[in-house]
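# A look at the structure
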Protein chains: 2
Amino acid sequence: MTIKIGLLGLGVVGTGVAKIILDPSGRNSLLNEISIVKIGVRSLDKSRQIDLPPNIIGTDLESIVNDPDIDIIVELLGGLEPARTLILKAITNKKHIVTANKAVMALHGDEIYKEAYIAGINVLSEATVGGGIPIVKALKQSLGANRIESIVGIINGTTNYILTKMASTDTKFETVLMEAQALGYAESDPSADIDGLDAADKIAILASLGFGIQINRNDIYYEGIRGINSIDIKYAKQLGFVIKLLAIVKKVENNTSKKLQLRVHPTLVPREHPLAHVNGVYNAVLVEGSPLGEVMFFGEGAGSGPTASAVVSDIINIADALKKNTIIDSISPSPHRINNNSYEITSIESIKTPFYVRFLSKDLPGVIGHLGTMFGKYNVSLKSVVQIGFQGNLAEIVVITHHVDEGSFRTALNKMCTLEAIDCIPSVLRVL
Amino acid sequence: MTIKIGLLGLGVVGTGVAKIILDPSGRNSLLNEISIVKIGVRSLDKSRQIDLPPNIIGTDLESIVNDPDIDIIVELLGGLEPARTLILKAITNKKHIVTANKAVMALHGDEIYKEAYIAGINVLSEATVGGGIPIVKALKQSLGANRIESIVGIINGTTNYILTKMASTDTKFETVLMEAQALGYAESDPSADIDGLDAADKIAILASLGFGIQINRNDIYYEGIRGINSIDIKYAKQLGFVIKLLAIVKKVENNTSKKLQLRVHPTLVPREHPLAHVNGVYNAVLVEGSPLGEVMFFGEGAGSGPTASAVVSDIINIADALKKNTIIDSISPSPHRINNNSYEITSIESIKTPFYVRFLSKDLPGVIGHLGTMFGKYNVSLKSVVQIGFQGNLAEIVVITHHVDEGSFRTALNKMCTLEAIDCIPSVLRVL
Ligand SMILES: NC(=O)c1ccc[n+]([C@@H]2O[C@H](COP(=O)([O-])OP(=O)(O)OC[C@H]3O[C@@H](n4cnc5c(N)ncnc54)[C@H](OP(=O)(O)O)[C@@H]3O)[C@@H](O)[C@H]2O)c1
Ligand SMILES: NC(=O)c1ccc[n+]([C@@H]2O[C@H](COP(=O)([O-])OP(=O)(O)OC[C@H]3O[C@@H](n4cnc5c(N)ncnc54)[C@H](OP(=O)(O)O)[C@@H]3O)[C@@H](O)[C@H]2O)c1
């Protein structure tokens, strides 16, 4: 029995996938029974980095998802359309789906999973988060015994590369971004990565798996790294922190309410924390659960090889199920798999977290007392206040607070701005 | 349909498992359909840390594996016998198996898997390696698209706790071991952990999964941490390394041969390496594969909660398969799953690795030249030679070599001992 694949897309990831399938020796032996029968692309003229059997590449993607011979559609096009429509069409045609498309799964995952459930087919999406890191399957099938408390990830390689480089070379954001673009680590339009949207897509996917609920993508607060100043990276380091773009989903439960925090933002991470050592293009996801404790997954978060590894593992798992005439996925991704889960999403203003603030001040002796009094008035308790440097004749003061809800904190900050001694507040960052 | 569990053992892990199953809310909803019907222990008089339905605990373990009502046997006894016999009996009776018993799986895994294959049942063993870290399932089902190059792990929590503590407090081995015993991190007879046998069991399990072959447990070279001196930890640190007990399986392939290194020993790990930051009782496993690159899994490697999390995940996966009337495991653990894999095991003498050596020397000016010449004669090329300290009137010299095969290196060292200027060679350690 040969399992027949229709591949949509032959770009970075598609080429990686085809290479693995065409060269199975030394890998899982099921690969010998898997064959790519059709490939859909946009342009037939492009030169391809791979030798393929003749006549399998075409531009009519619709005919691929309608081909009665094909068992599994592997969607590696990217973007919302035509990816979503082709996936839904393939599901109607009872084809199993493997996809690396985080945008589609974050925004249309519910619809796709619902249709898949009705059709009795599998939709696997390991490659949507963390490249070769098997975090999706772990959440679906290995951590289900637990009550998940939180998932915290460095899940965008571009921003992690930029922040790491800014820290190690003391270079400013714009310069490092241009370097990253030249090296191919950032796209020419970098905003999906830089502004946190890509990480938001991915945490939506992880949150829905970890907490067994549907996530409305618009509920996720996100903030990118354009505003990160290399001076804050330096001061953070002096205080024992590194700055990382974190994607966070966190349960806050008490007797009367069940709430979920969903947020992506640059964050000061204590140097001893396992995520602090995740550098360059590497990704990592830290899951906390009960009774599990902490588990972290670390690896290359993107690129042809790692991403293709995840895609092909999904293909192998479906092939295995097909051979056994079963389906894989009833454990997951139905939103009903965890008992009665429903959460209120906490607005960013109501989230309690420690903060890092940098002030520029004219009147050093008076101002530290003023800051303390002012913060005290708004119930913001401080962990440390350090006069850390100078800019011209202004003193730089860095404050780290204890946990405080963001709303009260912002109100306090606004009041501070009116103080005579405070020249400005160049940076406000959250602390893990 | 309720899935019925027979639990063998109600100790640290068994109690953790029972607690999860008896309190399913907020976890995978399949737990609602899983019920523990019998528990086998040694002593009925022991007080138990858990409220159980009456009359389910007994001492007749044989009757549990023979009970026609039971679907899954969960073996949490430990030790080789009666665990092995009970598992085999249960398999004959067509019961699925979940076990946390690394000793049995390392030594009798082949026999158990073969019988399971014949009987058409599943044997899952996530908890045998790395506590709550889902490394077993990842190797079986998530990384199969790859050609695995190496698996390197810190997979014994006791030794990692001791080495971390020795490093952070500059305390000698014996003192830290006693502390660890008092805290329950080391057993009263600590030798299985301290001498590397436990790590050897676990790397046998990982190697057989990663390379698709049967591992003869006796082929694994192992060496524990009793000989680690806190002075070497200090010098290693000065040179940019930490000392960790690593378990390693590594493929070395060329046109004419396919060899596998299998070894457990204390190792100098460069500070920038991801495994260098794995401290205390934490475990981590780093897998390298093609085209995957590096993936690391990190978490608590033992203890009631993490280990029970792994056991219960296995139970849930089997329950899911039972509901769908299928079996999970044909992807794995049959030794045939990777094409034509067969490897020669490299003897420790033939393994090429860099070394760290500490010499005590009488005649400092002459001796560095002598060392260089002597090592040169035996084709050992040196990366650094540092006169690092004194002991009484003897100079301490630390040498780090480039890659060298252990046989030649040991021959060179033996020759050095005859040098007039060399007083003794207190430490020889391998470098990652
Ligand atoms: N690259 C990574 O490291 C990475 C990592 C994780 C996930 N992903 C995800 O993987 C997916 C693919 O990414 P990629 O980097 O491989 O993208 P890519 O290099 O841009 O390749 C896209 C492929 O899809 C084809 N395509 C796109 N739109 C099409 C259309 N409307 N009709 C026909 N063909 C179309 C292109 O055809 P032509 O070749 O003719 O242009 C190309 O072969 C995306 O969802 C991405 O988010 C990528
Ligand atoms: N503890 C960990 O952190 C950990 C982590 C990973 C894997 N594991 C593995 O998990 C397994 C269980 O470990 P554990 O720490 O839970 O051990 P444990 O606390 O010593 O518990 C063993 C249980 O098995 C019962 N038992 C042992 N031998 C028996 C016999 N011959 N007949 C009847 N009952 C017998 C004991 O009965 P009584 O209660 O009556 O004495 C006890 O309930 C072992 O294979 C271990 O290697 C443990």
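Residues numbered from 1 in each chain as written. Chains lettered and ligands numbered in written order. Predicted model: local features only at pLDDT ≥ 70, side-chain atom pairs only at ≥ 80, totals over all residues. Heavy atoms only, no water.

Going by what an unreviewed UniProt entry lists, chain A is known as Homoserine dehydrogenase and is assigned to cyanobacterium endosymbiont of Braarudosphaera bigelowii. Turning to chain A, the UniProt record has this under Catalytic activity (unreviewed entry): "L-homoserine + NADP(+) = L-aspartate 4-semialdehyde + NADPH + H(+)". (UniProt positions renumbered as here; feature names shortened; annotations may be inferred.)

### Quick word on the environment of B:I316
Residue and element names in this part refer to chain B. Secondary-structure assignment places I316 in helix α11 (residues 304-323). Judged by relative accessible area, I316 falls into the buried class, the value being 3%. Sequence spacing of I316 and I220 is 96 residues, and the spatial spacing of their C-alpha atoms is 33 Å. (Helix = DSSP H or I, 4+ residues; strand = E, 2+ residues; numbered from the N terminus. Buried < 20%, exposed > 50% of the residue type's maximum accessible area, 1.4 Å probe, protein only.)

### What about unusual backbone geometry?
Between A:S290 and the following residue, A:P291, the backbone shows a cis peptide bond with an omega angle of 10 degrees. Here A:P291 is to be found in the loop between β11 (282-290) and β12 (293-300). In this chain, B:E81 is followed by B:P82 through a cis amide linkage whose omega measures 5 degrees. On the secondary structure map, B:P82 appears in the loop between β4 (72-75) and α3 (83-92). Positive phi, normally seen in glycine, also occurs at A:N55, with a value near 65 degrees.

### Some points on the packing of aromatic side chains
Tallied over the full model, the rule gives 13 aromatic pairs over all chains. With centroids separated by 5.8 Å and ring planes inclined at 85 degrees, the aromatic side chains of B:F211 and B:Y343 adopt a geometry described as edge-to-face. With B:F211 in helix α9 (residues 197-211) and B:Y343 in the loop between α11 and β13 (344-345), the pair connects residues that are 132 residues apart, well separated along the chain. For the pair B:F211 and B:Y343, a shared accessibility class is recorded, and that class is buried. Relative to B:F375, the ring of B:F359 lies with its centre 6.2 Å away and its plane at 70 degrees, an arrangement referred to as edge-to-face. Taken together, the residues span a long stretch of sequence, with B:F359 in strand β15 (residues 355-361) and B:F375 in helix α12 (residues 364-377) at a distance of 16 residues. For the pair formed by B:F359 and B:F375, the shared burial category is buried. Members of the aromatic cluster, connected to one another through ring pairs, are A:F355, A:F359, A:F375 and A:F409. Cation over ring: A:K258 sits above A:Y343, and NZ or CZ is 4.8 Å from the ring centre. (Phe/Tyr/Trp six-rings, centres within 6.5 Å; stacked < 30°, edge-to-face > 60°. Lys NZ or Arg CZ within 6 Å of the ring centre and 35° of its normal.)

### Things to note about the site of ligand 1
All names here are of chain A. Residues in contact with ligand 1 amount to 22 residues; listed here are only the nearest, L10, S43, K46, R48 and G303. A distance of 2.7 Å separates an oxygen atom of ligand 1 from a polar backbone atom of G303. Contact with the protein chains removes 78% of the 900 Å² of surface that ligand 1 exposes when unbound. The residue makeup of the shell around ligand 1, split by class, is 11 nonpolar, seven polar and four charged. (Near = heavy atom within 4 Å. Polar contact = N/O pair within 3.5 Å; in protein donor to acceptor, adjacent residues only side chain to side chain. Areas by Shrake-Rupley, 256 points an atom, 1.4 Å probe, with all protein chains shown as cover. Nonpolar A, V, L, I, M, F, W, Y, C, P; charged D, E, K, R; others polar.)

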